[in-house]
Number of protein chains: 2
Amino acid sequence: MKKVGVAILGLGVVGGGTYKILTEHSQFYKKNHGLEIVVESVLERNKERALSLGIEESKIAGSIAEICSNPEVDIIVEVMGGVEPAKSYVLAALNAGKSVVTSNKELYCKYSHELEKTAKKNHCGLFYEASCVGGVPVIRALTDNLQGNVIKSMLGIINGTTNYILTKMANAGASYVEVLEEAKKLGYAEANPSADVDGYDAVYKLSILSSLAFHTKVPYTEIYREGISEISSVDIAYGKQLGYVIKLLAIGKNTEKGIEVRVHPAFIKVEHPLASVNDSFNAVYLTGDSVEDVMLYGRGAGAKPTGSAIVGDIIYCATHPNFVYSPFENTEKADPATKFIKNFESAYYLRIVAADKAGVLSKVTSILGKYGISMAQVIQAKEGAEGAVPLVIITHETYENSINKAVADINSASEIAKVAAVIRVV
Amino acid sequence: MKKVGVAILGLGVVGGGTYKILTEHSQFYKKNHGLEIVVESVLERNKERALSLGIEESKIAGSIAEICSNPEVDIIVEVMGGVEPAKSYVLAALNAGKSVVTSNKELYCKYSHELEKTAKKNHCGLFYEASCVGGVPVIRALTDNLQGNVIKSMLGIINGTTNYILTKMANAGASYVEVLEEAKKLGYAEANPSADVDGYDAVYKLSILSSLAFHTKVPYTEIYREGISEISSVDIAYGKQLGYVIKLLAIGKNTEKGIEVRVHPAFIKVEHPLASVNDSFNAVYLTGDSVEDVMLYGRGAGAKPTGSAIVGDIIYCATHPNFVYSPFENTEKADPATKFIKNFESAYYLRIVAADKAGVLSKVTSILGKYGISMAQVIQAKEGAEGAVPLVIITHETYENSINKAVADINSASEIAKVAAVIRVV
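Small disclaimer: the values here were computed from a predicted structure and weren't measured.

Draft legend 1. Quick look at the overall build of chain A. Along chain A, the regular secondary structure elements total 15 helices and 16 strands. For 426 residues, the compact-globule formula gives about 22 Å, and the C-alpha radius of gyration of chain A, at 24 Å, lands near that figure. If you line up chain A on its principal axes, its C-alpha atoms span 80 × 45 × 35 Å. Here chain A, with 426 residues, has 58% of them falling under the buried criterion. For chain A, restricting intrachain contacts to residue pairs at least 6 apart in sequence, the fraction spanning at least 24 positions comes to 73%.

Next up, the structure:
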């Protein structure tokens, strides 16, 4: 029986979940993995929280230094979130020769280079499956299963809060603000929901995943970002009529022209497997040149699903003691040879509200035509309030720059009131 | 740059696909993995096939012994299928100190114990991701990601041929025989389709997957098996009306009563993620006590998707040279303490054809009631040919033995013609 000492930094949702999984499965891991996994120490300012989980007071450490110098600790689990003090603690752990398992997407996305270098120098394991998409095995799929492929594209629903909100808006026809308030009450959204609803969380994860998929560091600063707060239930309803579902998508593409990375709301065809990924479920849809299409689906967050990924990493680390290989080493910055495409190609959904009906469609068509944009689907709805006429268009593929120019032209044409919504279509 | 010599045993669909992936990505693996992967030798009786792939004549080996004694070969890929001579060749490879990557589900399912023991004795790697569900990363998900979970259940669509046939039957309203013939022409079904349509292929895979999931050897002989040849388009249509889709499901459950493993056609609710897995796509839906629900979806067969899994294993093997850990070691037989449940619980779809209408429903209800079976949904259809009245019932959960007895009683009741179809409902 091999004894494995674990320390947990932070007993929030994920830290608490991890502690519970480890203690409840103690006999199971002995029997099936030959591992006696013992939580030897925790770092948590809120002593009551630690005690309420059943952790003995003697195991509550006073400092990271105390944990790093504890010879009983082999693996340090960092589930604090944020950059500091998590970064200093992880570096201290690695420099003390402890392997690290982390769920910290912001830290890993921003400082992977430094963390990996330090782990390598100290011959320690550094595992981060829990940083992206909770219990869904996507990191290891990229590093240990699909590494023989040139990955062409990645489409992900990788934020549970926004998927919950968009699903509820679609099902209930409710507004963003209403559903967000409900989500806060139910604990699906934070009091300050910006990290989720504005897309930052998805951007960090996409940076990590696309770096692995495309074998080149994709800094999060290169990722186009747009949140869901402008999405209205009117557009969700028109989209449905046209055969589309709205999702906050994390998109990575690797083409001959370069790498394209973006997080924004998008309409996706109702038949696409991602369209059925609802509520707080997440999924990543990958296309490789050999494997073709693969989708990995499950709970992207939560105490136990994320804890499952952490415990998976702990067992992997404990049973692969000579782990030194990393299939992709993040550099500090993007390879100078990598081109990031900003003027990407997409189809677009446009909802235009016109002051009166006569000639609007032909005027709009003419402006779109000026920029080489053609229409794939059109709905000219019945008159709205005060004679306003909604005109809904889905374009064929065009360029981001072209649509922006066309929208500006439509908005400045006096006979057309305004473009009320522009949503990309995948 | 580390040089890795590979030998491929068998240049059929998968062997040929693997060879193409390795040669086409040669520079990619050098750049991204620091590996110079060279196919040093092949074993293939059909010399023309080898030459047509561009393999030099000098690399076509005359025997397995020649490959085993070739010092340039590090990893032997076995993609011949079947038990012999594959088994002897794999054992010879391992005993010669070569690591083995195999896609052979029948071999692995039947002789995992002997192969694993031999690999361990010789300190060789033994990898079999390609044996189950092609390019979908399900083996490594079980061994390296979800191993912290007690896996409660597994539902899989793990045979592409049958899923293609059932999807076409549902979409076209065509008969099994018609679609099977079409599938043969298109290369989706073998000339002798029994291994697929009778469920043997799915049984082998379920044996491998459920052994890993439940941490105990699940011999394929313990798996209940029923193929799709009796499925009629009439039942598919009634199922649709009731909100169900038919799939050949591989089911593994781990309950307090024991382990339940079965492969048979089943109706599944149209809202279930597996219901949308169509054509030759495969998926495995796992439920763990921590991770909750996870679905892994993709191409379960084919030259390049299966080749992707093989190449993933080759790269993993080459970059993890100290690989000795196997999270689950198959024993030769099932643990004597393991109980396999044969009289499993399920809901059932029954289509009954009655000679006349009067009193049939109450008679059927009374027989079902005798065995404690209650009805969840009923369709009493319009009269069919020659006054026959189709009566379609979906029961609540009951036992396999109970439904069998009830069906026998219904069939022996003179006023009811016969039970025309019994299909389990998941």
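Now that the structure has been shown, we can carry on.
Draft legend 2. Highlighting the confidence of the model for chain A. Confidence in the prediction of chain A, expressed as mean pLDDT, is 94, and 96% of residues score 70 or more. Reported for the predicted complex are a pTM of 0.96 and an ipTM of 0.95.

Draft legend 3. Inspection of the interface of chain B and chain A at higher detail. Taken together, the 46 residues of chain B in the interface contact 46 residues of chain A. Each partner contributes to the roughly 4,100 Å² buried at the junction of chain B and chain A, and carbon and sulfur atoms together form 55% of this total. For the pair chain B and chain A, the interface holds 2 salt bridges. Here Glu292 of chain B ties to Arg299 of chain A by a salt bridge, and the two come within 2.8 Å at their closest N and O atoms.

Draft legend 4. Quick look at helix α1 (residues 13-24) of chain A. Residues and elements named next belong to chain A. Its 12 residues place the ends of α1 16 Å apart at the C-alpha level, agreeing with the 16 Å of an ideal helix rising 1.5 Å per residue. All buried positions along α1 are accounted for by Val14, Gly15, Gly16, Gly17, Thr18, Tyr19, Ile21 and Leu22. Tucked into the core, α1 has its buried residues touching β1 (2-9), α2 (26-33), β2 (35-43) and α13 (303-319).

Draft legend 5. Region of interest: the side chain of Thr319 of chain B. Positionally, Thr319 of chain B belongs in helix α13 (residues 303-319). For Thr319 of chain B, the side chain forms a polar contact with the main-chain oxygen of Ile315 of chain B, separated by 2.6 Å.

Draft legend 6. Expanded view of the relation of the copies chain B and chain A. For the match of chain B to chain A, the screw axis carries a shift of 0.0 Å, the RMSD comes to 0.0 Å, and the turn is 180 degrees. What we have between these two chains is a two-fold relation. No C-alpha of chain B lies nearer the rotation axis than that of Leu296 of chain B, which sits 2.4 Å from it. In this assembly the copies share their binding face: 100% of the residues contributing to the interface of chain B also contribute to that of chain A.

Draft legend 7. Focus on the packing of aromatic side chains. Applying the stated rule across the entire model yields 18 aromatic pairs over all chains. Between the aromatic rings of Tyr204 of chain A and Tyr220 of chain A, the centroid separation amounts to 5.6 Å while the plane-to-plane angle is 70 degrees, which identifies the pairing as edge-to-face. Remark: Tyr220 of chain A occurs in the loop between α11 (200-214) and β7 (224-225) and Tyr204 of chain A occurs in helix α11; sequence separation between them is 16 residues. A relative accessible area of 30% places Tyr220 of chain A in the partly exposed class. Seen from their ring centres, Tyr164 of chain B and Tyr188 of chain B are 4.2 Å apart, and the 20 degrees between their planes marks the pair as stacked. In this pair, Tyr164 of chain B sits in helix α8 (residues 160-172) while Tyr188 of chain B sits in the loop between α9 (176-186) and α10 (194-197), placing the two residues 24 residues apart along the sequence. Tyr164 of chain B gets classed as buried once you look at its relative accessible area, which sits at 4%. Looking at Tyr188 of chain B, the relative accessible area reads 38%, which means it is partly exposed. Grouped by ring-pair contacts, the aromatic residues Tyr244, Phe267 and Tyr349 of chain A constitute a single cluster.

Draft legend 8. Broad picture of the environment of Val100 of chain A. Residue and element names in this part refer to chain A. Along the chain, Val100 turns up in strand β4 (residues 99-102). Using a relative accessible area of 0% as the deciding quantity, one classes Val100 as buried. Considering only alpha carbons, one finds Val100 and Glu78, 22 residues apart in sequence, at a separation of 7.2 Å. Leave out the neighbours within four places in its chain, and Val100 touches Ile76, Val90, Ala93, Leu94, Gly125, Leu126 and Phe127.

Draft legend 9. The arrangement of the sheet that holds strand β4 (residues 99-102) of chain B in detail. All names here are of chain B. The sheet built from 5 strands is open, its strands ordered β2-β1-β3-β4-β5 with parallel pairing. Strand pairing shows two members of the sheet lacking a second neighbour, β2 (35-43) and β5 (126-127), which therefore form its edges. As paired strands, β4 and β5 are joined by 2 bridges and run parallel to one another. For Val100, the partnering residue across the bridge sits in β5 and is Leu126. Of the strands in this sheet, β1 (2-9) and β2 are in contact with helix α1 (residues 13-24), which crosses β1 at around 160 degrees.

Draft legend 10. Molecular detail of the nonpolar core. Residues Ile165, Leu209 and Tyr349 of chain A together with Leu142, Ile165, Leu209 and Tyr349 of chain B are the most contacted members of the largest nonpolar core, which totals 170 residues. Not counting residues within four places of it along the chain, the set of residues in contact with Leu209 of chain B comprises Cys132, Val133, Val138, Ile139, Leu142, Met154 and Val284 of chain B. Counting 64 residues, the second largest nonpolar core, distinct from the first, contains Val39 and Ala50 of chain A together with Ile75 and Val79 of chain B.

Draft legend 11. Focus on α8 of chain B. Residues and elements named next belong to chain B. Taking 1.5 Å as the rise per residue, α8 with 13 residues should run 18 Å; its terminal C-alpha atoms sit 18 Å apart, in good agreement. Within the span of α8, buried status applies to Gly160, Thr161, Thr162, Asn163, Tyr164, Ile165, Leu166, Thr167 and Met169. On its buried face, α8 sits against β6 (151-157), α9, α10, α12 (233-241), β8 (244-255) and β10 (281-288). The backbone nitrogen of Thr161 lies 3.2 Å from a side-chain oxygen of the residue at the head of α8, namely Asn159. Looking one or two residues beyond α8, the residue adopting positive phi is Gly173, at roughly 65 degrees.

Draft legend 12. Spotlight on the sheet that holds strand β5 (residues 126-127) of chain A. Residues and elements named next belong to chain A. Strand order in this open sheet of 5 strands is β2-β1-β3-β4-β5, and the pairing throughout is parallel. In this open sheet, the two strands that pair with only one neighbour each are β2 and β5. Sheet analysis places β1 next to strand β3 (residues 75-78), joined by 4 bridges and oriented parallel. Looking across to β3, one finds that Ala7 is bridged to Ile76.

Draft legend 13. Molecular detail of the pattern of salt bridges. Residues and elements named next belong to chain A. Inspection of every chain in the model, using the stated rule, returns 42 salt bridges over all chains. Between Asp201 and Lys105 there is a salt bridge, with the nearest N and O atoms lying 3.7 Å from each other. In this pair, Asp201 sits in helix α11 while Lys105 sits in helix α6 (residues 105-121), placing the two residues 96 residues apart along the sequence. Asp201 gets classed as buried once you look at its relative accessible area, which sits at 10%. Since its relative accessible area comes to 22%, Lys105 is described here as partly exposed. With its nearest N and O atoms 3.8 Å apart, the salt bridge here joins Asp144 to Arg140. With a gap of 4 residues between them, Asp144 and Arg140 both fall in helix α7 (residues 138-145), about one helical turn apart. You'll find Asp144 and Arg140 in the same group, each marked buried.

Reading the values: the criteria
Residues numbered from 1 in each chain as written. Chains lettered and ligands numbered in written order. Predicted model: local features only at pLDDT ≥ 70, side-chain atom pairs only at ≥ 80, totals over all residues. Heavy atoms only, no water. Helix = DSSP H or I, 4+ residues; strand = E, 2+ residues; numbered from the N terminus. Rg over C-alpha atoms; globule rule 2.2 N^0.38 Å. Buried < 20%, exposed > 50% of the residue type's maximum accessible area, 1.4 Å probe, protein only. Contact = heavy atoms within 4.5 Å. pLDDT = per-residue confidence, 0-100. Buried area = accessible area lost by both parts, 1.4 Å probe. Salt bridge = Lys/Arg side-chain N within 4 Å of Asp/Glu carboxyl O. Expected span 1.5 Å × (residues − 1). Polar contact = N/O pair within 3.5 Å; in protein donor to acceptor, adjacent residues only side chain to side chain. Least-squares fit on C-alpha atoms with pLDDT ≥ 70 in both. Phe/Tyr/Trp six-rings, centres within 6.5 Å; stacked < 30°, edge-to-face > 60°. Pairing = 2+ DSSP bridges. Axes fitted to C-alpha atoms, helices over the stretch in contact; angles between N-to-C directions. Core = buried A, V, L, I, M, F, W, Y, C linked by side-chain atoms within 4.5 Å.

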